[in-house]
Amino acid sequence: MIKLQNVSFHYKNTDAFGKLQKTRGIDDLTLTVEKGAFVVLAGDSGCGKTTVTRLINGLVPHYYDGELSGTVSVCGLDVRSSGIGDLAPHVGSVFQNPRSQFFNVDTTSELAFASENLCTPPDEIRKNIRRVAQEMHMDELMDRSIFALSGGEKQKVACASVAVSEPEIMVLDEPSSNLDAAGIEELARVLALWKAKGKTVVVAEHRLYYLTGLADRLLLLRDGKLVEEIPGEQLRSMDNAQAEARGLRSFTPIAMPEPEAPSAEKDALVCEGLDFHYKHSDKGIHIPYLHIPRGKITAIVGKNGAGKSTFARVLCGLEKKAKGTVRFGGREWKSKQRPDLCYMIMQDVNHQLFTDSVLEEVMLSVPETVPEGEREALARQVLDQLDLLPLADIHPMALSGGQKQRVAIAGGVVTGNPVLLFDEPTSGLDYKHMRQVAALLRKLRDDGKTVLVITHDTELVREIADCVVVFSKETT
Amino acid sequence: MQFFQYGNEGYKSVLDPRTKLLLLIVINVVIIGTGFTGTDFLLRIVCAAIPLILFLIIRRTRTALLYGLVCLAMFFGEAVLIPHTRGVLNLLIVITLGPFSRILVGYAFAYYMMCSTTVSEFVTAMKRMHVPDQISIPLSVMFRFFPTLAEESRAIRDAMRLRGIRLRGKNGGVMKQIEYEVVPLMMSTLRIGDELSAASLTKGLNAGKPRTHICHVKMELWDWALVLLSLGFLFYMLVLR
């Protein structure tokens, strides 16, 4: 079904300094995927697994520019000579980012989109949509605005929209990155359905626990090469220590640690009677009492819609109309003052990088109380702490995702705010980078910061959390 | 923002997008070009009633109510207040009511159009009117991007507010504010646009064949009735009057 023969691919792009460079995608890779097989591609970020998915749907070499050698054949088509459009009837693709994979604004149109492009008669498309909606139990998601869906629902619609035109091959590139545990469960059900229907499924993924039960094979890539092939049977008998030894995320699900009863300290961060509800929506929070220890890492966990993000916004003073009191360090912080108490590092750090150099970005956050002459020295000192000094003059948007995140963190550290709040800092990160973020969070804690982490990543929670707070619809 | 998607989820539009376009033009011509006497007045009332009825049909009762009340106030003002007042007060009423009452109905109808038509219906209708792909596909992508832009700029403004105090100080100023908002917005929309094109291509957007459409775009009895009515109005406005 899919055959890669001695394939190498190098992307052409520019580095942070503006020089033209070639980045290795994959290097002399040979692999075959038989019809009906369920194959998982694993490995570090940049190991080449995304490139393999792009070779299958034709985005490499037809959309992403670069040098290709070797032969790739998919369903008997030579990928090099046939266009993306020729492969479209055979290959369905699901991507990582739910914000950028829908062409339409309503779900039904999106489900029909691929089939419409392939000139399927309208009646047949309608019939297929009904069938897929039934198979995936998503009748309640039809005719909805895509912008009103949760991340998990969006990813379900993304899966359904490729399923309607019934391609033989499904490729998924890190489909679980933005999902919570319940969303991942839904995704796993869809994948099981496809496997049962005899589709060929190729998934590139960091989170592996939800795939171990389904996989026929796990292919471990490193530096663009295939280093290990683990058959499904063997995979299911392996434990998490063996995953760690390979630099992979856990093979089996990790349970969320039990929340501990908070000890009564005097100078903790205490929220009392926090109450906020959005207009025209039933979303909101109601927190009678919450105690977060000072100088520790506290993980805030809970399902989507439990109010974690709303709590973060209230704590940072973004929702001025919120009621209730926040006390920290022996004084009360009003909504207006809270931007000086708590700094949030957003999930998509691209939203909070404004200037044209890393140094300027950090300078922007230096408090006004710091005298003019010392501002730059302070900014440089913080950059040094976060190993960013060599990048001081570079445009933030030219950096890698991890570096951008560190710049955003530097912007928070330099404010001198005692509380730092992270919204999903490890979504879409591999094991190595997750560990790096964990180390960074611990360092911030050891420097005396009170660190709050909103996350679905149980592995991260296990790794770093001193305390765990569970949000649920009932308690908030 | 809920434009170009069904505001009331699950509800289907009753009018063809082409009828809506024609009505939009005719309503504006009538409202801007007529007075308050005889046939003119009758036409005005009919045109003003069209959005009201349509809002009720798509079950936007609150919008309909608000629109109806404002409309009544306008008509009352223009027909009763203006002839019976004098001097500065009269001038004030004329200046405030005049332009507003002339765009109100057209604006209400445009609003109805946007919340009762999906992008795919609109594109299909354009196709039926033989608008070339080079125009209809970029237009549909543009519509698709409005809500995305709104979402992104909301997130960016939040991020700015997190640093708000700092922005108002030394680094402040309107130009800086704009730069801080526009640069990340451009970056993230560029990235989303790039990923969106990739995703659309894998779904065969440029497969080169004419697309089929599942959405229901057909001129029904109601459409023809409204088209006839519109043509009648146009005939009156351009010839009889």
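Rules used in this analysis
Residues numbered from 1 in each chain as written. Chains lettered and ligands numbered in written order. Predicted model: local features only at pLDDT ≥ 70, side-chain atom pairs only at ≥ 80, totals over all residues. Contact = placed C-beta atoms within 7 Å. Helix = DSSP H or I, 4+ residues; strand = E, 2+ residues; numbered from the N terminus. Nonpolar A, V, L, I, M, F, W, Y, C, P; charged D, E, K, R; others polar. Pairing = 2+ DSSP bridges. Axes fitted to C-alpha atoms, helices over the stretch in contact; angles between N-to-C directions. Domains from an automatic or database assignment.

Peer 1: Which residues make up the interface of chain A and chain B, and what values go with them?
Peer 2: Contacts between chain A and chain B engage 50 residues on the former and 50 residues on the latter. Residue assignment for the side of chain A that touches chain B shows that the elements contributing at least two residues are helix H3 (84–87), helix H4 (107–117), helix H5 (122–135), strand E16 (342–345) and helix H11 (358–365) of chain A. At 6 residues, H4 of chain A tops the list of elements feeding residues into the side of chain A that touches chain B. Looking at the side of chain A that touches chain B residue by residue, the class counts come to 27 nonpolar, 15 polar and 8 charged.

Peer 1: Which residues make up the sheet that holds strand E15 (residues 331–333) of chain A, and what are the values?
Peer 2: Residues and elements named next belong to chain A. The strand order across the open sheet built from 4 strands is E12-E11-E14-E15, with neighbouring strands paired in antiparallel fashion. Looking at the sheet topology across the chains shown, the edges are occupied by strand E12 (284–292) and E15. Put simply, the sheet's adjacent strands are angled 25° from each other on average, direction ignored. With 4 bridges connecting them, strand E11 (residues 269–277) and strand E14 (residues 323–328) associate as antiparallel partners. Considered in E14, the bridge of Asp275 is made with Lys323.

Peer 1: Got a sec to walk through the domain arrangement of chain B? Specific residues and values, please.
Peer 2: All names here are of chain B. Domain boundaries assigned for chain B yield domain 1 (7–118 + 218–240) and domain 2 (121–202). Computed over C-alpha atoms only, the centres of domain 1 and domain 2 are separated by 32 Å. Listed as interface residues are 6 residues of domain 1 and, on the opposing side, 4 residues of domain 2. Counted by class, the side of domain 1 that touches domain 2 contains 1 nonpolar, 3 polar and 2 charged residues.

Peer 1: Please set out the sheet that holds strand E4 (residues 66–74) of chain A residue by residue, giving values where relevant.
Peer 2: Here we have 4 strands laid out as an open sheet, ordered E2-E1-E4-E5 (chain A), and antiparallel in their pairing. Every interior strand has two partners, whereas the edge strands, strand E2 (20–33) and strand E5 (77–78) of chain A, have only one.

Peer 1: Residues and numbers for the pairing of E4 of chain A, please.
Peer 2: Both faces of the sheet carry side chains from a regular strand, because those side chains alternate between them. All names here are of chain A. The pairing of strand E1 (residues 2–14) with E4 spans 8 bridges and is antiparallel. Following the sheet pairing, Leu4 is matched in E4 by Val72. As paired strands, E4 and E5 are joined by 2 bridges and run antiparallel to one another. Residue pairing for E5: Ser73 is matched across the bridge by Asp78. In textbook terms, the turn of a hairpin is the stretch between consecutive antiparallel strands, and for E4 and E5 this stretch comprises 2 residues, one of which, Cys75, has a positive phi near 55°.

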